[in-house]
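Spelled out from the first residue to the last, the chains are:
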2 protein chains.
Amino acid sequence: MTSKQEFIEKLRNSSLRPTKQRINICEVLFNRDKTFHFTINDLFNLIKDRTADKVSLATVYNTVHAFHKKGYLKEIPINSNQTYFDTNVTDHHHFFDVKEEKLIDLKNEDVGPIEIQKSIPGKKIKSVEVLVKLED
Amino acid sequence: MTSKQEFIEKLRNSSLRPTKQRINICEVLFNRDKTFHFTINDLFNLIKDRTADKVSLATVYNTVHAFHKKGYLKEIPINSNQTYFDTNVTDHHHFFDVKEEKLIDLKNEDVGPIEIQKSIPGKKIKSVEVLVKLED
DNA sequence: TTCGTTGTTTATAATTATTCTAAAGAAGAT
DNA sequence: ATCTTCTTTAGAATAATTATAAACAACGAA
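Predicted model only: the values in this text are computed from it and were never measured. (Residues numbered from 1 in each chain as written. Chains lettered and ligands numbered in written order. Predicted model: local features only at pLDDT ≥ 70, side-chain atom pairs only at ≥ 80, totals over all residues. Heavy atoms only, no water.)

Participant: How would you sum up the protein's contact with DNA strand D? Please name residues and give values.
Facilitator: Around DNA strand D sit 19 residues in total, of which Thr-19, Gln-21 and Arg-22 of chain A together with His-65 and Thr-83 of chain B are the nearest. Take the atoms of DNA strand D that sit within 4 Å of the protein: sugar and phosphate atoms are 77% of them. In this structure, Gln-21 of chain A approaches DNA strand D through a side-chain N or O atom, which is 2.6 Å from a sugar or linking oxygen. A distance of 3.3 Å separates a phosphate oxygen of DNA strand D from a polar backbone atom of Lys-54 of chain A. Taken together, the elements giving at least two residues each to the surface near DNA strand D come down to helix 2 (20-30) and helix 4 (57-70) of chain A together with helix 4 (57-70) of chain B. In terms of residues, the surface near DNA strand D owes the most to one element, helix 4 of chain A, which gives three residues. Here the surface near DNA strand D is built from residues that sort into five nonpolar, nine polar and five charged. (Near = heavy atom within 4 Å. Polar contact = N/O pair within 3.5 Å; in protein donor to acceptor, adjacent residues only side chain to side chain. Helix = DSSP H or I, 4+ residues; strand = E, 2+ residues; numbered from the N terminus. Nonpolar A, V, L, I, M, F, W, Y, C, P; charged D, E, K, R; others polar.)

Participant: Residue-level account of the sheet that holds strand 2 (residues 74-76) of chain A, with values.
Facilitator: All names here are of chain A. Read across the open sheet, the three strands follow the order 1-3-2; overall the sheet is antiparallel. In this open sheet, the two strands that pair with only one neighbour each are strand 1 (37-39) and strand 2. Each neighbouring strand pair of the sheet contributes to a mean axis angle of 40°, computed without reference to strand direction. Relative to strand 3 (residues 84-86), strand 1 runs antiparallel, the two sharing three bridges. (Pairing = 2+ DSSP bridges. Axes fitted to C-alpha atoms, helices over the stretch in contact; angles between N-to-C directions.)

Participant: Before we move on, could you go through the domain arrangement of chain A and cite the residues and values that matter?
Facilitator: Residue and element names in this part refer to chain A. Parsing chain A into structural domains produces domain 1 (4-76) and domain 2 (90-134). Relative to domain 2, the C-alpha centre of domain 1 lies at a distance of 25 Å. Residue-level contacts link five residues of domain 1 with eight residues of domain 2. For the domain 1 and domain 2 pair, buried surface summed over both sides reaches about 510 Å², with 53% attributable to carbon and sulfur atoms. Considering only the surface of domain 1 that becomes buried against domain 2, His-37, Lys-74 and Ile-76 emerge as the three largest contributors, covering 86% of it. Applying the counting rule to domain 1 against domain 2 returns zero salt bridges. Here domain 1 and domain 2 share five residue pairs in polar contact (both at pLDDT 80 or more) between them. Among the elements that line the side of domain 1 that touches domain 2, the one with the most residues is strand 2, at three residues. (Domains from an automatic or database assignment. Contact = heavy atoms within 4.5 Å. Buried area = accessible area lost by both parts, 1.4 Å probe. Salt bridge = Lys/Arg side-chain N within 4 Å of Asp/Glu carboxyl O.)

Structure, rendered in structure tokens:
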């Protein structure tokens, strides 16, 4: 459980003003035991349900993008009409249950090391992501 | 080089009527040495340039979806506003040059074996895809 | 070949996720 | 308090994709 005060500091440290909208979004996103996978729409609805004061959709977009830029959220590469984000920003991978459209974390040790034995001149590797699609 | 006749047969065998639009699309897609990565829009423009008779955007969508369903095209999981497809439907992986928005094939042997040491009851693995993002 | 059926193409409208805009509001520094 | 700067917001704009329904083309049977 992270306190509101800690979110305020986290925001300040990132030169993001701690507005009540951002603090609300922090609480919905980061006050959790487990990793959280979501789309903007998921998040928007959760906020509507869970918090008294309302937050506009535009602000949810703005905030998620700001958090992503600051490295507090990770974008998950997946083919879907919506963009998925993850509160777990450590290096890790995913199962995607195609039928239920649900993501499940794979710990790094569940996948073992991935060796990329090819390189492109002038480019360096930014990230390596494994997506394991599941079917019934 | 695959002949028009072969495309016609391929289409017939897939219970897709060999229309002139579909044959044109086949020629643009499959008459190539190397694997081809594309978005619908890329393909639409290529067809406009390369073929005399014009094909509507809706038909390009329809046809790409039909080919994907039949397993002649593979959808590449990637975060982009547009959907990427690949004419290489074998099991393989990709580099994605984030700056240039370009995909590069990684042969399976360039990546080494990927061992998934976790399973979800009642589900089986459909595919394992690695996306390696590149930066400068 | 002709006819009827069924599948396909097409222009256009509709839908959906996302981004943009500009005005009002709130936070921070002085 | 006041000024500046950042943020929020509703709503408009954009862009990819999907749906619609009418015209058209392929196929099979007579």
